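The residues making up each chain are set out below.
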Amino acid sequence: MPWTPDQPLVRLADVHKTFGGGVEVLKGITMDVMKGEVICIIGPSGSGKSTLLRCVNALVPIDRGSILVEGQEVNDPKLDKLALRRKVGMVFQQYNLFPHKTALENVMMAPVHVLKRDKKEVERQALALIAKVRLTGKEESYPGELSGGQQQRIAIARSLAMNPDVMLFDEVTAALDPETVKGVLVTIRELAEDGMTCMIVTHEMGFAREVANRVYFTDGGVLVEHGPPKEFFASPRDPRTRQFLDQIL
Amino acid sequence: MIANRSDMAVIKPFRIAAAEPWRFTVWHGLVLVAALLVALGIGEAQAAAAEKPGIIATILKWTPLLAQGFALNIAMSFLAMAIGTVIGVPLGLAQISLLPPVRAGSWFVTQFFRNSPWLVLLFYCMLLLPFEVNIGGTIIPLPGWLKSTIGLSLPVMANVSELVRGAVRSIPFAQWESAESLAMSRGQTLRMVILPQCIKRMTPPWMNLYAILTVATPLTSVVGVSEAMTLTGDILSSEARTELLVPMYLYLLLWFFLYCYPIARATLALEKRFQVR
């Protein structure tokens, strides 16, 4: 059955993952993310949030369950990982820009070499994306010459240059200086407002409340509860959620 | 005064005491020159006493021949480095292959040649390689110097292989992860992301390896190649003068030092420059 936009863009069903040491980090995660939806995943450290994101673009293989991205099964040995990753963009906590390339080259590399698109056209798009993340003038800077927040915004532009259908954000502000966090969050919020489907792992509760359509709380490898941000933050049902929110808010 | 800025207790920055590694400096060269001068002085005195031609004059007389031999040393070092690098890089990449047999095979080859004495490898190449090869009717002679160059290139190859493997492994895993998440294949990731970053890290140790190879080329004198070391021996036996022995070998040593010293300095300079960024 072909995928149609009225079905969930990302569909996780009973996803299990155990790491080499026998630690079960995901114990049956089920969630649907619709096209254009922005979800935030919150929870204590080690609750499997980052692993969950890495499973969606097949950086981490899962043991059991099913992950469908636009109807394509990720948990399939015959999966074309590269085709999947063209649809799924990811931004990391440590930005991971390529240090030997300028900001512009970082953004252009994958579209030119992976998608084999015309270089001139990619450059136009890359310049527009760099402008979109408000870094016009930094095109020729190397990552080492940019602040953490600027590097992270270039990393977002780099991911967007592949024209993904869904973006994964893995604690993208956790490694940043406080004064540079805002710029990154503004960039993500604008992206969400443009209708990009986003799965965001974050510790920024204010941001989650503002930008998310749904908030998920994970603890110990399970989804404890989820709901629209207003309800979720105002009246959490599960005692674990309440305890977590009490600790950080 | 920084100390007056605040009354708060502050941990002062501290450094873990690490000994500076020994490096070649100009002083080592000067010591060598001084030793040569002393040896020359003693030799001249002995020569004068025995009423023979002066030591300096004798050394200068043989210098053109010595230069020819030294040119062969340099040629062998260039060629061995080129062969060793051209084969060593793919061998190093094979060591990080995803295919276990390729990985195991290249690991074994690398370890075998890296841990064999250079002289043993030289003898093997001299004795096992034919004196000429016949490729499609054309006979290509394999003179001794070429065979021993091949012998020297084997340990170079193994060391380059380890350099490549180590450099690739020293690149943070996150670089692989972010390249993969951009749908880049393993080959593309290696070619465009990992290896360009490796080259910078590999250049100083690679130059160091070249310096080691250059000073190892006199080993070929044992298997009869007419390079500078062999020629020095020939010169000494034809002169048959004991007072020439020490100055002559010191003179040869100086040649190698003058050649390798700039390489050592350049390696150091590159290391320092790469540390900054």
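Up top is the structure.
Read on for a plain summary of the structure. What you see is a predicted model, and the numbers here were worked out from it, not measured in a lab. (Residues numbered from 1 in each chain as written. Chains lettered and ligands numbered in written order. Predicted model: local features only at pLDDT ≥ 70, side-chain atom pairs only at ≥ 80, totals over all residues. Heavy atoms only, no water.)

1. Describing the overall build of chain A
- Broken down by element type, chain A carries nine helices and ten strands.
- For chain A, the C-alpha radius of gyration of 18 Å lies close to 18 Å, the compact-globule estimate for 249 residues.
- Expressed as a percentage of the 249 residues in chain A, the buried residues total 54%.
- Summarising the internal contacts of chain A: among those between residues at least 6 apart in sequence, 64% fall at separations of at least 24.
- Of the roughly 10900 Å² of accessible surface on chain A, 49% is carried by carbon and sulfur atoms. (Helix = DSSP H or I, 4+ residues; strand = E, 2+ residues; numbered from the N terminus. Rg over C-alpha atoms; globule rule 2.2 N^0.38 Å. Buried < 20%, exposed > 50% of the residue type's maximum accessible area, 1.4 Å probe, protein only. Contact = heavy atoms within 4.5 Å. Areas by Shrake-Rupley, 256 points an atom, 1.4 Å probe, with all protein chains shown as cover.)

2. Regarding the overall build of chain B
- Looking only at helices and strands, chain B has nine helices and two strands in total.
- Taken from N to C terminus, the helices and strands of chain B fall in the order α-α-α-α-β-β-α-α-α-α-α.
- Over its C-alpha trace chain B gives a radius of gyration of 25 Å, far above what one expects of a compact globule, namely 19 Å for 277 residues.
- By the burial criterion, 42% of the 277 residues in chain B qualify as buried.

3. Quick word on the pairing of strand β1 (residues 10–18) of chain A
Residues and elements named next belong to chain A.
- For β1 and strand β2 (residues 24–33), the ladder comprises seven bridges, and the chain directions are antiparallel. Its bridge partner being in β2, Val-15 is matched across the sheet by Ile-29.
- Pairing analysis gives five bridges linking β1 to strand β4 (residues 64–69), with the strands arranged antiparallel. By the bridge assignment, Arg-11 is partnered in β4 with Leu-68. (Pairing = 2+ DSSP bridges.)

4. Notes on the pattern of salt bridges
- Enumeration according to the criterion identifies 17 salt bridges over all chains in this entry.
- Residue A:Arg54 pairs with B:Glu177 through a salt bridge whose shortest N-O separation is 2.8 Å. Residue A:Arg54 is found in helix α1 (residues 49–56), and its partner B:Glu177 is found in helix α6 (residues 173–181); the two belong to separate chains.
- Here the salt bridges share partners, and the residues they tie into one network are B:Lys61, B:Glu239, B:Arg241 and B:Glu243. (Salt bridge = Lys/Arg side-chain N within 4 Å of Asp/Glu carboxyl O.)

5. Focus on the sheet that holds strand β7 (residues 166–170) of chain A
Residue and element names in this part refer to chain A.
- Spatially, the six strands line up as an open sheet ordered β6-β7-β8-β3-β9-β10, and their pairing is mixed. Each end of this open sheet is capped by a strand with a single partner; those strands are β6 (88–91) and β10 (222–227). Each adjacent strand pair in this sheet contributes to an overall mean axis angle of 20 degrees, direction not counted.
- The sheet contact formed by strand β3 (residues 38–42) and strand β9 (residues 214–219) spans four bridges and is parallel. Bridge pairing in β9 links Ile-39 to Arg-214.
- Relative to β6, helix α5 (residues 148–160) is tilted by about 170 degrees, and along the sheet it contacts β6 and β7. (Axes fitted to C-alpha atoms, helices over the stretch in contact; angles between N-to-C directions.)

6. Digging into helix α8 (residues 228–239) of chain B
Residue and element names in this part refer to chain B.
- In this model α8 runs 16 Å from its N-terminal to its C-terminal C-alpha over twelve residues, within 8% of the 16 Å that 1.5 Å per residue would give.
- All of the buried residues along α8 are Ala-228, Thr-230, Leu-231, Thr-232, Ile-235, Leu-236 and Glu-239.
- Two residues or fewer past α8, Ala-240 is found with a positive phi of approximately 50 degrees. (Expected span 1.5 Å × (residues − 1).)

7. Structural notes on the packing of helix α2 (residues 55–94) of chain B against helix α7 (residues 186–216) of chain B
All names here are of chain B.
- For the pair α2 and α7, the least separation of the axes is 12 Å and the interaxial angle reads 145 degrees. For the pair α2 and α7, the sense of crossing is right-handed. Contacts from Ile-74, Ser-77, Phe-78, Ala-80, Met-81, Thr-85 and Leu-93 of α2 reach α7 at Leu-190, Leu-195, Trp-206, Leu-209, Tyr-210, Leu-213 and Thr-214.
- Classifying every residue of the contact of α2 with α7 by side-chain character gives eleven nonpolar, three polar and no charged. (Left-handed = near helix turned anticlockwise from the far one by under 90°. Nonpolar A, V, L, I, M, F, W, Y, C, P; charged D, E, K, R; others polar.)

8. Remarks on the packing of aromatic side chains
- Here the structure, examined in full by the defined rule, presents eleven aromatic pairs over all chains.
- Between A:Phe217 and A:Phe244 the ring centres are 5.1 Å apart and the planes differ by 40 degrees, which places this aromatic pair in the tilted class. With A:Phe217 in strand β9 and A:Phe244 in helix α9 (residues 239–248), this pair connects stretches of sequence that are 27 residues apart. Comparing A:Phe217 with A:Phe244, the two get one shared label, buried.
- Here the aromatic rings of B:Phe70 and B:Tyr259 are separated by 6.1 Å at their centres, their planes lie at 85 degrees, and the arrangement is edge-to-face. Pair noted here: B:Phe70 is in helix α2 and B:Tyr259 is in helix α9 (residues 245–276), with a separation of 189 residues, a long-range link.
- Chaining the aromatic ring pairs together yields one cluster made of B:Phe70, B:Phe78, B:Tyr210, B:Tyr251, B:Trp255, B:Phe256 and B:Tyr259.
- Lying over the aromatic face of A:Phe233, A:Arg209 brings its terminal NZ or CZ to 5.0 Å of the ring centre. (Phe/Tyr/Trp six-rings, centres within 6.5 Å; stacked < 30°, edge-to-face > 60°. Lys NZ or Arg CZ within 6 Å of the ring centre and 35° of its normal.)

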